[in-house]
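Geometric and topological summary
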Amino acid sequence: MQIDWFTVVAQILNFLILVGLLRRFLYQPILNAIDAREKKIASQLEEAASKKEEAEKEKELFLHKNEDFDRAKMELMKKAHDDSEQKRLQLLEEARNEASTMRTQLVKTTMEAHHSLKQEIQEKVHREVFAITQKMLSDLASMDLEDQTIKVFLGRLKTLNEAEKRQFLEAFQSSSTPILVRSAFDLPEKKREEIEQTVSQVIGVQAHFLFKTVPELVSGIELTTKGYKLAWSIAEYLHALEKNIAETAIEKSKTVFDKT
Amino acid sequence: MKLSPDETVFWEYGYIHINLTMVTTWALMAMMVISSGWITRNLKSDIRISRWQLILEIIVIMINNQIKEIGLEKPERYIAFIGTLFLFIGLANICMIFPFYQAPTGSLSTTAGLAICVFLSVPYYGIRKNGLLAYLQSYLKPTFIMLPFNLISEVSRTLALAVRLFGNIMSGGMIVAILLTIAPFIFPVVMSMLGLLTGIVQAYIFSVLATVYIAAAIRIKAIA
């Protein structure tokens, strides 16, 4: 077993040549390729990280925008709700007011209708009663009825209480015109004198009189001076009748309105 | 029986001669260089690469990591030398599965040549890293009395490297040859398999020891 020094030297040279060749053809290219790939991967990772960061920012931005949008939506919804509520209340108030106005109008209209009805009834009653009464009274008219009318009127004059007398006197004194005596029929001279005397006795003063014949008084007689009136006629009773009828009509209309 | 491929001489002119060791070495060199050049002629730095490139990358990265683990900071500087040691010895030993093949590592001349390369690379890398003075001072550590022992250590470990590899490979080949004469059918196959294992282990041991020696030389300052 000997060492062949020529072979040793040759093998050393061979090995060094192999080192150089492998460095050139194996290690350097492979290491460069690995480095390039690592750099590539690193850059890709970096890019991915930056993209991720960017995406995170975008996400944050979108979340923020979403929150803003939600908030704005909520505000708009609340505003719309408030507005609609306000509008509802306003409309309700308007409707109430309108209903109230219409109710008032209805009441007014009803009242007016009743009033006109009352007037109509009154007029009709007047007309009818007057027609009947006049017909009846004209049929029955006689000296006795007129006398009786004058008697009742005079009786009323005489039975005036103190307050009425004073009121009559004050009215007479404040008036510069004569006392007006209207009657449905012509008063004979004797009855006129009787009336003048009775009035003079009642007020204690001599007065001037003006006598007029007014058929509408319906068998009545009436004495008027400034602000004072004393009368008796069938018309008064007719007025009482009208009043009762009118009150009944109003009561009925009120009942009908409350039901509606 | 020829124990060494050195003894098979093809051409001779005085002192100069070409023997089987050299021819086999050239063949292995050609195989390694041509295959490397063929695979690395169109390397890709993409994520998807060819299988051959992947194999080479695995080998290179493995060697790189091994160097780094032993303690050399920048393995790219040493991979050409240490990696070539491992690949050459490993390939030379693996090829023993071919019939009539005689590994160049079974020649003491080859192992001596490789050991001399390691012997010379230690001061080369040490001086390049730390300077001539610092390297020479390392022989005086821890005291100048240690100088002869350090020198003997340098020589003896180089000798040990050469003889260890030669002994292992030569003995493996010799055992197979002896067994062929005794039990020519089964045992040589088993011993060849064992020889493959031993070959890889020896390649590993040789390159790792070379790395350790170089690492020891360039880490003088750190130790000091």
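Residues numbered from 1 in each chain as written. Chains lettered and ligands numbered in written order. Predicted model: local features only at pLDDT ≥ 70, side-chain atom pairs only at ≥ 80, totals over all residues. Heavy atoms only, no water.

Named according to an unreviewed UniProt entry, chain B is ATP synthase subunit a originating from Rhodonellum psychrophilum GCM71 = DSM 17998.

The name an unreviewed UniProt entry assigns to chain A is ATP synthase subunit b, from the organism Rhodonellum psychrophilum GCM71 = DSM 17998. The UniProt entry for chain A carries the following comment under Sequence similarities (unreviewed entry): "Belongs to the ATPase B chain family." (UniProt positions renumbered as here; feature names shortened; annotations may be inferred.)

Secondary structure summary: chain A contains five helices and four strands in total. Looking at chain A residue by residue over its 260 residues, the buried ones come to 29%. Sequence-distant contacts, at least 24 apart, represent 78% of the contacts inside chain A between residues at least 6 apart. Element-wise, carbon and sulfur atoms account for 57% of the exposed surface of chain A, whose accessible area totals about 18100 Å². (Helix = DSSP H or I, 4+ residues; strand = E, 2+ residues; numbered from the N terminus. Buried < 20%, exposed > 50% of the residue type's maximum accessible area, 1.4 Å probe, protein only. Contact = heavy atoms within 4.5 Å. Areas by Shrake-Rupley, 256 points an atom, 1.4 Å probe, with all protein chains shown as cover.)

Once that is clear, we can look at the packing of aromatic side chains. The tally for this structure, following the rule as stated, stands at nine aromatic pairs over all chains. Plain terms: the ring middles of F168 of chain A and Y228 of chain A are 4.8 Å apart, the flat faces sit at 20° to each other, and that makes the pair stacked. With a gap of 60 residues between them, F168 of chain A in helix α3 (residues 162-174) and Y228 of chain A in strand β4 (residues 228-232) connect regions that are remote in the sequence. Measuring from ring centre to ring centre gives 5.0 Å for Y78 of chain B and Y125 of chain B, while their planes differ by 65°; the resulting arrangement is edge-to-face. Taken together, the positions of Y78 of chain B in the loop between α2 (51-70) and α3 (79-94) and Y125 of chain B in helix α4 (residues 108-130) put the pair 47 residues apart, joining distant regions of the chain. Both residues of the pair, Y78 of chain B and Y125 of chain B, belong to the buried class. Joined through ring pairs, the aromatic side chains of F15 of chain A together with Y78, F81, Y124 and Y125 of chain B make up one cluster. Sitting above the plane of the F25 of chain A ring, R24 of chain A keeps its charged end 4.9 Å from the centroid. The side chain of R157 of chain B reaches across the aromatic face of Y213 of chain B, ending 4.1 Å from its centre. (Phe/Tyr/Trp six-rings, centres within 6.5 Å; stacked < 30°, edge-to-face > 60°. Lys NZ or Arg CZ within 6 Å of the ring centre and 35° of its normal.)

The next subject is the UniProt feature "coiled-coil region" (unreviewed entry) in chain A. The sites that UniProt annotates as "coiled-coil region" (unreviewed entry) are residues 34-112 of chain A. For residues 34-112 of chain A, the end-to-end C-alpha separation is 111 Å, with 100% helix and 0% strand making up the annotated structure.

All names here are of chain B. In the numbering used here, UniProt assigns the feature "transmembrane region" (unreviewed entry) to residues 20-39, 79-101, 108-126, 165-187 and 193-218. With 70% helix and 0% strand, the stretch residues 79-101 has end C-alpha atoms that lie 28 Å from each other. Note that residues 108-126 is 100% helix and 0% strand, and that its end C-alpha atoms are spaced 27 Å apart.

Turning to the UniProt feature "transmembrane region" (unreviewed entry) in chain A, a few remarks are in order. The residues that UniProt annotates with the feature "transmembrane region" (unreviewed entry) are residues 6-27 of chain A. Along residues 6-27 of chain A, the helical share is 100% and the strand share 0%, with 29 Å between the first and last C-alpha atoms.

Taken together, the 31 residues of chain A in the interface contact 47 residues of chain B. Summing both sides of the interface, chain A and chain B together bury roughly 3600 Å²; the carbon and sulfur share of this comes to 77%. Where chain A meets chain B, there are one salt bridge. As a salt-bridge pair, E57 of chain B and R37 of chain A come within 2.2 Å of each other at their nearest N and O atoms. The interface formed by chain A and chain B holds ten residue pairs in polar contact (both at pLDDT 80 or more) in total. By residue class, the composition of the side of chain A that touches chain B is 23 nonpolar, four polar and four charged. (Buried area = accessible area lost by both parts, 1.4 Å probe. Salt bridge = Lys/Arg side-chain N within 4 Å of Asp/Glu carboxyl O. Polar contact = N/O pair within 3.5 Å; in protein donor to acceptor, adjacent residues only side chain to side chain. Nonpolar A, V, L, I, M, F, W, Y, C, P; charged D, E, K, R; others polar.)

Taken together, the side chains of R23 of chain A together with K74, R77, R128 and K129 of chain B present a region of like positive charge at the surface. Summarising the element assignment, R128 of chain B is placed in helix α4. (Patch = residues over 30% accessible without salt bridge, like charges linked within 9 Å, V, L, I, M, F, W, Y side chains within 5 Å. Lys, Arg positive; Asp, Glu negative; His and termini not counted. Charge placed at Lys NZ, Arg CZ, Asp CG, Glu CD.)

Residues and elements named next belong to chain B. One can find S107 in the loop between α3 and α4. For S107, a relative accessible area of 0% gives the class buried. Contact partners of S107, with chain neighbours within four places excluded, come to S4, P5, D6, T21 and F166.

Locating P178 of chain A in the fold gives a position in the loop between α3 and β1 (179-183). In this view, P178 of chain A contacts H208, F209 and L210 of chain A; residues no more than four positions away in its chain are not counted.

Residues and elements named next belong to chain B. Within the secondary structure layout, T24 lies in helix α1 (residues 20-40). Of the polar contacts made by the side chain of T24, one reaches the backbone oxygen of L20; its length is 2.6 Å. If sequence neighbours within four positions are ignored, T24 has contacts with Y101, Q102 and P104.

Judged by nonpolar contacts, the single largest core of 56 residues is most densely connected at F81, L85 and I214 of chain B. A total of eleven residues in this core trace back to one element, the largest contributor, which is helix α1 (residues 5-140) of chain A. Setting aside its immediate chain neighbours within four residues, I214 of chain B contacts L72, Y78, F81, I82, S121, V122 and Y125 of chain B. In this structure, L154, F185, I203 and A207 of chain A belong to the second largest nonpolar core, which totals 26 residues. (Core = buried A, V, L, I, M, F, W, Y, C linked by side-chain atoms within 4.5 Å.)

Attention shifts here to unusual backbone geometry. As a rule of thumb, non-glycine residues mostly have phi less than zero, and peptide bonds are mostly trans rather than cis. All names here are of chain B. A positive phi angle, close to 65°, is found at F100, a residue other than glycine. Relative to the helices and strands, F100 is located in the loop between α3 and α4. The exposure class assigned to F100 is exposed, which follows from its relative accessible area of 87%.

Quick look at the pattern of salt bridges now. Residue and element names in this part refer to chain A. In this structure the tally under the stated criterion is 13 salt bridges over all chains. The closest approach of N and O atoms between D68 and R71, which form a salt bridge, is 3.1 Å. With D68 and R71 both in helix α1 and three residues apart, the pair spans about one turn of that helix. Residue D68 is classed as partly exposed on the basis of its relative accessible area, which comes to 32%. Of the charged contacts in the structure, one is a salt bridge between R96 and E93, with a shortest N-O distance of 3.9 Å. Note that R96 and E93 are positioned in helix α1 at a spacing of three residues, about one turn of the helix.

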